[in-house]
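Now for the letters of each chain:
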Amino acid sequence: MDRRNFMKAVGLMGLATMPGKKTKAGQSVSDKEFNAILIDTTLCEGCEACLDACSESNKLPEAVTDPVAGIENKTSPNQLAVVNMYNVEDLEVTVKKQCMHCNQPACASACLTNAMFKTEEGPVIWRADKCMGCRFCMLSCPYDIPKFEYEKVNPDIKKCNMCYDRIKDGDIPACAEACPAEAIVYGTRKDMLEEARRRIYQNPDDYVHHIFGEDEVGGASVLYLSAVPFEKLGFKTKLGNEAMPKLTTDFLYSVPVIETLLPPFLLAISFAAKKSKEAGEGK
Amino acid sequence: MEKNKKNKPNFSSEFKNFFKFLLSEMKPKGKLLTPFNIIAAFVIALGGVLIFFRFYNGLASVTNLSQEFPWGIWVGFDVITGVAFAGGAYVVTFLVYILRMEKYHAIVRVTVLNGLLAYMFYAGALLLDLGKPWNIINPVIGNSFGMNSVMFLVAWHFLLYMTAEFLEFSPAIAEWLGWKKVRKVLHGMTLATVIVGITLSILHQAGLGGLFLMAKSKIHPLWYSEFIPILFFVSSIFAGLSMVILEGSITHKVFFRKLTPELKRTHHDILLGLSKICGGTMFVYLFLKALTFLHEQHWHYIFSPMGNWFLVEIVFFVVLPMIMFTQAARYRNVKLVKASSILTLLGIALNRLNISIIAFKWDAVERYVPTWMEIEITMAIILVEIVVLGWIINRMPVLGESPMWVKEQEKAAENLAH
């Protein structure tokens, strides 16, 4: 084979493997293109401007929950984000919570129709025309984020989609735009991680030296900074850093192996059993 | 119809006869107003009304499902427990067609039929639970394949296995309709469909366990393990066989006059044989359970309420029936076999409900308790299945003898082989 043909072959092989790589990119660890939201709880004043902007942008009723210490507000089909208040030592901390937009989301890997989908831009979105409503995403999400409209005849799954439509138009998410205190900033995930580190380095005494969402269950597109340990702010800190879909990969990999090896094995046993039976009858 | 291809002129009259035959077979046989039928009719009618409400007003109108508990008994019992109960079909076909244990041949058809109906109705019950059931074609026709999803695997394996089970059972339909050539072709496919069916079964029984792998932080550590798929598969063996024992004992009584002389004679032997297999697989299951328990060092959980509950499941619903099964097989005690099969089935239901509902978010303040309507609809589905089962057994050669021409066909095939 001369050099030109060799290059052609390599090129063709590359082309052949490309689609596979491309579809996987959405689920991969690579965060080069992912965008992210950085939420700095030390700057949050609990004004809830973000929630009003969220309701308006998603055409939902006005948010009704007020942050009260001791009450853990949860998102609902009508409210995709909440602000909770925690009394830690002598501090009053308010925290906005919503979907974490994981890099390798449990919900998306659970979804059998790809209705729940990690976009290349970073947001995890949900698509009504694909969803069957099986609620496996709700079961799988470690943060219990997807919410279901049980009251409706044609129910949707509701969760924050990082204002995906606005992002595609070149805008930033409504909550980040509305925040008057720079507690919610938006950019590429790389830049947001850098910004978070910069804030920690410049004011090392004001922060715990951890960025929640950097590594949790494989990393997320929402990052948090805090002055107090995250478990005191209602964060699930015991989930580990392994991406959720990893829990199913061993099982899923075994499937094609069993599917190819078991049938011939069964066939062999069946023939052996038949032979030995016939031999037994022959006597 | 197809047997008639050679003499086409008769086609229309033949079709008329066939249609008449179908119509006559539709009519119920035997007494209609038995106590069972009356109660069943009432439960099914009420279930129908409630199902209408579910689709007219949404899931919240009949179920207690919540944002915290997205899956209730329609998934936890109907699908996940129901499919384990239906595991008998792949185990019995394995015994008969792979290991060639002729003893169990007499119960193959009724077991496969039971399995097929169980899949149709219990997996079908999933349609009630889906928020957008009309989108169920999406993962099938291929406009959106969620290849990374365990649910995708389970859905496809359900679908393919139902097809395989239908093909396994189809010779009985051909015998009923008198389609000789069709029966020959279908009968020839049996070994292939059995092998495919066993493979699909093992994978989707395990797959149902695999659904819970990502709920690691939500299921009590005593029930969660990375081996859930294997535990589900192994337990489906004795769950399925216990169902075969229970159903076999009931149909043996109800349809006694229909039974082949062979089945009448070997019925006890079959139950005792299955009992031995159940005891053996339960021991394997127990061993696996112990292994995961020791491996993950769960001793300290035992002295909590959930730990006691775990012990109840293991001691009374695994260890006890395991001992009962082996003793029953040893002393040829058929009554004990039946009793242990019931205990085993309760234990499987308990295990599946523990994983999907009871030990799921065990520390949550809000709990899920099914509404009476969820239970009513489940009962209605089970009763419809029983009615359909009775209808088929009364008409097709399931428990009884095949028509004479089948034996001639089989003899001819055997002679050809030698």
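Residues numbered from 1 in each chain as written. Chains lettered and ligands numbered in written order. Predicted model: local features only at pLDDT ≥ 70, side-chain atom pairs only at ≥ 80, totals over all residues. Heavy atoms only, no water.

Peer 1: Can you help me understand the packing of helix 11 (residues 228-254) of chain B against helix 14 (residues 334-358) of chain B in this one?
Peer 2: Packed helix pairs are characterised by how far apart their axes lie and by the angle those axes make with each other. Residue and element names in this part refer to chain B. Two elements in contact, helix 11 and helix 14, have axes whose closest approach is 9 Å; the angle formed by their N-to-C orientations is 135 degrees. As judged from the angle between their axes, helix 11 and helix 14 are oblique. Where helix 11 crosses over helix 14, the handedness of that crossing is left-handed. Here F232, S235, S236, F238, A239, S242, M243, I245, L246 and S249 of helix 11 come into contact with helix 14, specifically with V337, K338, S341, I342, T344, L345, I348, N351, R352 and I355. For the contact of helix 11 with helix 14, a count of residues per class yields 11 nonpolar, seven polar and two charged. (Axes fitted to C-alpha atoms, helices over the stretch in contact; angles between N-to-C directions. Helix = DSSP H or I, 4+ residues; strand = E, 2+ residues; numbered from the N terminus. Parallel < 35°, antiparallel > 145°, perpendicular 65-115°, else oblique. Left-handed = near helix turned anticlockwise from the far one by under 90°. Contact = heavy atoms within 4.5 Å. Nonpolar A, V, L, I, M, F, W, Y, C, P; charged D, E, K, R; others polar.)

Peer 1: Looking at this model, I keep getting lost on the packing of aromatic side chains. Mind explaining?
Peer 2: Two descriptors summarise a pair of aromatic rings, namely the distance from one centre to the other and the angle between the planes of the rings. Scanning the entire structure with this criterion turns up 21 aromatic pairs over all chains. For the ring pair F52(B) and F53(B), a centre distance of 6.4 Å and an interplane angle of 70 degrees mean the geometry is edge-to-face. Taken together, a centroid distance of 5.1 Å and an interplanar angle of 80 degrees make the contact between F293(B) and W299(B) edge-to-face. Three or more aromatic residues joined by ring pairs form one cluster here, namely F212(A), Y224(A), F230(A) and F235(A). (Phe/Tyr/Trp six-rings, centres within 6.5 Å; stacked < 30°, edge-to-face > 60°.)

Peer 1: It is not clear to me how the pairing of strand 3 (residues 91-97) of chain A should be interpreted in this structure. Could you clarify?
Peer 2: Successive side chains on a regular strand alternate, one facing one side of the sheet and the next facing the other. Residue and element names in this part refer to chain A. Counted residue by residue, strand 3 has five buried out of seven residues, so it is predominantly covered. Across seven bridges, strand 2 (residues 82-88) lies against strand 3 in antiparallel orientation. The residue bridging Y86 from the neighbouring strand is V93, located in strand 3. The hairpin formed by strand 2 and strand 3 contains two residues between the paired strands, and E89 there has a positive phi angle of roughly 50 degrees. (Buried < 20%, exposed > 50% of the residue type's maximum accessible area, 1.4 Å probe, protein only. Pairing = 2+ DSSP bridges.)

Peer 1: Help me understand the nonpolar core in this model?
Peer 2: In a soluble, globular protein the nonpolar side chains are often hidden away together inside. Ranked by internal contacts, the top residues of the largest apolar core, which has 187 residues, are Y143(A), Y224(A), I107(B), L211(B), F212(B) and L274(B). Take this core: its biggest share by element is 13 residues, from helix 8 (residues 150-177) of chain B. Residues within four places of L274(B) in sequence aside, it is in contact with L95(B), Y104(B), I107(B), L241(B), V244(B) and I245(B). Of all hydrophobic cores here, the second largest spans 11 residues; its members include A36(A), L38(A), M192(A) and L193(A). (Core = buried A, V, L, I, M, F, W, Y, C linked by side-chain atoms within 4.5 Å.)

Peer 1: Can you help me understand the packing of helix 4 (residues 88-98) of chain B against helix 5 (residues 108-123) of chain B in this one?
Peer 2: All names here are of chain B. As a packed pair, helix 4 and helix 5 sit with axes 8 Å apart at the nearest point and diverge in direction by 150 degrees. On the basis of the axis angle, helix 4 is roughly antiparallel to helix 5. Helix 5 is crossed by helix 4, and the crossing has left-handed handedness. On the side of helix 4, the interface is formed by G88, A89, V92, T93, V96 and Y97, while helix 5 contributes V108, T111, V112 and G115. Here the contact of helix 4 with helix 5 is built from residues that sort into six nonpolar, four polar and no charged.

Peer 1: Explanation requested: the side chain of S66(B) in the structure shown.
Peer 2: Tracing the sequence through the fold places S66(B) in the loop between helix 2 (35-57) and helix 3 (73-85). At 3.1 Å, the side chain of S66(B) forms a polar contact with the backbone nitrogen of F69(B). Discounting chain neighbours no more than four positions away, the residues touching S66(B) are M138(A), Y150(A) and E366(B). (Polar contact = N/O pair within 3.5 Å; in protein donor to acceptor, adjacent residues only side chain to side chain.)

Peer 1: So what exactly am I meant to see when it comes to helix 9 (residues 180-188) of chain B here?
Peer 2: An α-helical segment advances 3.6 residues per turn. Residues three or four places apart therefore align on the same side. Residue and element names in this part refer to chain B. Among all positions of helix 9, only V182, R183 and L186 are buried. What you see down the axis of helix 9 is that its buried residues fit within an arc of 100 degrees, all on one side. Opposite its buried face, helix 9 presents the exposed residues K181, K184, V185 and G188, each directed more than 90 degrees away. (Arc of directions from axis to C-beta.)

Peer 1: Before we go on, may I ask you to explain the confidence of the model for chain B in this structure?
Peer 2: Low-confidence regions, as indicated by low pLDDT, have predicted coordinates that should not be scrutinised in detail. Residues and elements named next belong to chain B. Confidence in the prediction of chain B, expressed as mean pLDDT, is 89, and 97% of residues score 70 or more. Note on residues 1-7: pLDDT is under 50 here. Beyond four places in sequence and across chains, it has 10 contacts. Both scores are given for the predicted complex: the pTM is 0.89, the ipTM 0.88. (pLDDT = per-residue confidence, 0-100.)

Peer 1: Help me understand the state of the cysteines in this model?
Peer 2: Formally, a disulfide is one covalent bond, and it connects the sulfur atom of one cysteine to the sulfur atom of another. Residues and elements named next belong to chain A. Evaluation of the coordinates by the stated rule reveals zero disulfides over all chains. The structure places no disulfide on C44, whose sulfur is separated from the nearest cysteine sulfur, that of C50, by 6.5 Å. We classify C44 as partly exposed; its relative accessible area is 24%. No disulfide involves C47; its nearest neighbouring cysteine sulfur is the one of C179, lying 6.3 Å away. Since its relative accessible area comes to 47%, C47 is described here as partly exposed. (Disulfide = S-S within 2.5 Å.)

Peer 1: Help me understand the sheet that holds strand 1 (residues 35-40) of chain A, please; the structure alone is not making it clear to me.
Peer 2: Either a parallel or an antiparallel arrangement is found when strands of a sheet pair, and the pairing is made through backbone hydrogen bonds. All names here are of chain A. A sheet is described by the order of its strands in space; here three strands give the open sequence 8-1-9, paired in mixed fashion. Each of the sheet's edge strands pairs with one partner strand only, and the pair in question is strand 8 (184-188) and strand 9 (222-225). Taken over all neighbouring pairs, the strand axes of this sheet differ in orientation by 25 degrees on average, direction set aside. Packed on one face of the sheet, helix 7 (residues 189-202) meets strand 1, strand 8 and strand 9 and runs near 130 degrees to strand 8.

Peer 1: What's the story with a nonpolar patch on the surface in this structure? I'm lost.
Peer 2: Together, L127(B), I136(B), I137(B), V140(B), I141(B) and L159(B) give the surface a local cluster of nonpolar side chains, amounting to about 480 Å² of exposed area. Residue position: L159(B) is located in helix 8. (Patch = residues over 30% accessible without salt bridge, like charges linked within 9 Å, V, L, I, M, F, W, Y side chains within 5 Å. Areas by Shrake-Rupley, 256 points an atom, 1.4 Å probe, with all protein chains shown as cover. Salt bridge = Lys/Arg side-chain N within 4 Å of Asp/Glu carboxyl O.)

Peer 1: In this structure, what is going on with the interface of chain B and chain A? I would like to understand it.
Peer 2: Interfaces are often sized by the accessible area lost when the parts come together. Counting residues at the interface gives 62 residues for chain B and 55 residues for chain A. Interface area, chain B with chain A, both sides summed: about 5000 Å², of which 64% is carbon and sulfur. For the chain B face of the interface with chain A, the top three residues by lost area are Q67(B), K132(B) and M214(B), together amounting to 17%. Where chain B meets chain A, there are six salt bridges. K277(A) is the partner of E102(B) in a salt bridge, and the nearest nitrogen-oxygen pair spans 3.3 Å. Where chain B touches chain A, the interface holds 32 residue pairs in polar contact (both at pLDDT 80 or more). Mapped by element, the contributors of at least two residues to the side of chain B that touches chain A are helix 2, helix 4, helix 7 (138-141), helix 8 and helix 10 (190-210) of chain B. Looking at the side of chain B that touches chain A residue by residue, the classes come out as 37 nonpolar, 17 polar and eight charged. (Buried area = accessible area lost by both parts, 1.4 Å probe.)

Peer 1: Is there a simple way to think about the pairing of strand 1 of chain A in this case?
Peer 2: Residues and elements named next belong to chain A. The buried fraction of strand 1 is high, at six of six residues. Of the two faces of strand 1, the one holding N35, I37 and I39 and the one holding A36, L38 and D40 are both buried throughout. As paired elements, strand 1 and strand 8 share five bridges and run antiparallel to each other. Along strand 8, the bridge assignment pairs I39 with I184. Where strand 1 meets strand 9, four bridges bridge the pair, whose relative direction is parallel. What sits directly across from I37, in strand 9, is V222.

Peer 1: Sorry, what's going on with unusual backbone geometry here?
Peer 2: Among all residues save glycine, negative phi is the norm, and among peptide bonds the norm is trans. Phi at H101(A) is positive, roughly 50 degrees, even though this residue is not glycine. Locating H101(A) in the fold gives a position in the loop between strand 3 and helix 3 (106-110). Positive phi values are uncommon outside glycine, yet R332(B) reaches one of about 50 degrees. As for its placement among the helices and strands, R332(B) is situated in the loop between helix 13 (305-330) and helix 14. Classification of R332(B) by relative accessible area gives exposed; the value is 52%.

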